Amino acid sequence: MKVLGIIPARYGSSRLEGKPLVDICGKPMIQRVYEQAKKALDFVLIATDDKRIEKVVKAFGGYVIMTSIDHTTGTNRCLEAYNLFLKEKDFEFDVVLNIQGDEPLLEPEQIKSLVSCFNVSGTQMATLVIPTKPKDKLNSGVFVVFDKNMDALYFSRSIIPFVRDKDKDDWTNNSTFYKHIGMYGFTPKALKEFSNLEETSLEKNEKLEQLRWLENGNKIKVAITNHESVAIDTAHDLEKVRKIISGDML
């Protein structure tokens, strides 16, 4: 199975401007994500619309493709980068991964778990979830429920499932909750189809683009990982990751 990993990277961020280039223990964040992805994949590229990011990626020897400034989602940026890469290299891939550029604690095993979903015949799109038990982990995030075939039923910013007739403090004693890790895999056909679908009502309400795929009657295969992931959205997140990496350099 030939897999291409694409890391979308925008300079603009409402909460942490220029975050792909923030320094984390001597390396820009985008470099850390790239190097972790390369441990699991032969083909990895960074898709950006910013010359500053392009310059930094080329400086550390990464592969970068410039894309349009008009994309509203990382998935659409991935599609353009994929098409441009095919023109440059004339390769064909079985799976395309959309790897979040703000998770420098990415583990190669997470990528391998996601790719394994495509060993199941008929899988068009896949993503990762992590089981969550501590009550304090239920304060924020995106939650997922899925069926016995490991196909997602729904994603929500609300805690799901709702545990009826139990005090909320006891919910984790009665159910395992799964939080979404925002890394996706697509077949090339599904990536193109997804990117050309119109926004749906559930997607607009939850601000979760994966709901577009479900609401159109498609399936998302789920893989479970036990590797904790920390997305950097704020200065507080950045300091947390710096402390983790400085104590255990990746």
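The structure this text deals with has already been given above.
Residues numbered from 1 in each chain as written. Predicted model: local features only at pLDDT ≥ 70, side-chain atom pairs only at ≥ 80, totals over all residues. Heavy atoms only, no water.

Caption draft 1: Geometry of the nonpolar core. With 39 residues, the main nonpolar core has I7, I46, L97, I99 and I111 as its most contacted residues. Among the elements that take part in this core, helix α1 (residues 29-38) stands out by supplying five residues, more than any other. Contact partners of I46, with chain neighbours within four places excluded, come to I7, A9, I30, Y34, V57, F60, Y63, V64 and I65. With 33 residues, the next largest nonpolar core counts L4, F85, A190 and L208 among its residues. (Core = buried A, V, L, I, M, F, W, Y, C linked by side-chain atoms within 4.5 Å. Buried < 20%, exposed > 50% of the residue type's maximum accessible area, 1.4 Å probe, protein only. Helix = DSSP H or I, 4+ residues; strand = E, 2+ residues; numbered from the N terminus. Contact = heavy atoms within 4.5 Å.)

Caption draft 2: Layout of the environment of L45. Turning to its location among the elements, L45 is positioned in strand β4 (residues 43-48). Taking the C-alpha atoms as reference points, L45 and C78, 33 residues apart in sequence, are found 9.8 Å from one another. Look past the residues within four positions of L45 in its chain and what remains in contact with it is L4, G5, I6, I7, Y34, Y63, I65, A81 and F85.

Caption draft 3: Quick peek at the pattern of salt bridges. With the rule as written, the count across this model stands at 12 salt bridges. Among the ionic pairs, K19 bridges to D102, the shortest N-O distance being 3.0 Å. Here D102 lies in the loop between β6 (95-98) and α4 (108-116) and K19 lies in the loop between β1 (3-9) and β2 (23-24), a separation of 83 residues in the sequence. For K221, the salt bridge identified is with D151, shortest N-O distance 3.1 Å. Residue K221 is found in strand β11 (residues 221-224), and its partner D151 is found in the loop between β8 (143-146) and β9 (152-156); the two are separated by 70 residues along the sequence. Exposure remark for D151: the relative accessible area of 7% places this residue in the buried category. Through salt bridges that share partners, K19, D102 and D233 make up one connected network. (Salt bridge = Lys/Arg side-chain N within 4 Å of Asp/Glu carboxyl O.)

Caption draft 4: Quick peek at the side chain of S229. Along the polypeptide, S229 turns up in the loop between β11 and α9 (235-247). Leave out the neighbours within four places in its chain, and S229 touches E103, Q110 and I181.

Caption draft 5: Summary view of unusual backbone geometry. The omega torsion across I160 and P161 is 0°, close enough to zero to call that bond cis. By secondary structure assignment, the location of P161 is in the loop between β9 and α5 (171-174). Despite not being glycine, K207 has its phi angle at roughly 60°, a positive value. Tracing the backbone shows K207 in the loop between α7 (201-206) and α8 (210-215). For K207, a relative accessible area of 61% gives the class exposed.

Caption draft 6: Spatial organisation of the packing of aromatic side chains. Inspection of the entire model under this criterion finds 13 aromatic pairs. An angle of 65° between the planes, with centres 5.3 Å apart, marks the rings of F43 and F91 as edge-to-face. One end of the pair, F43, is in strand β4; the other, F91, is in the loop between α3 (74-89) and β6, with 48 residues separating them in the sequence. Relative accessible area serves as the criterion here: at 29%, F91 is assigned to the partly exposed category. Centroid distance W171 to F177: 6.2 Å. Interplanar angle 20°. Geometry classified as stacked. By relative accessible area, W171 is classed as buried at 5%. Here F177 falls in the buried class, since its relative accessible area comes to 0%. Among the aromatic side chains, those forming a connected cluster through ring pairs are F43, Y63, F85, F91 and F93. Of note, R52 hangs over the ring of Y11, and the distance from its end group to the ring centre comes to 3.6 Å. (Phe/Tyr/Trp six-rings, centres within 6.5 Å; stacked < 30°, edge-to-face > 60°. Lys NZ or Arg CZ within 6 Å of the ring centre and 35° of its normal.)

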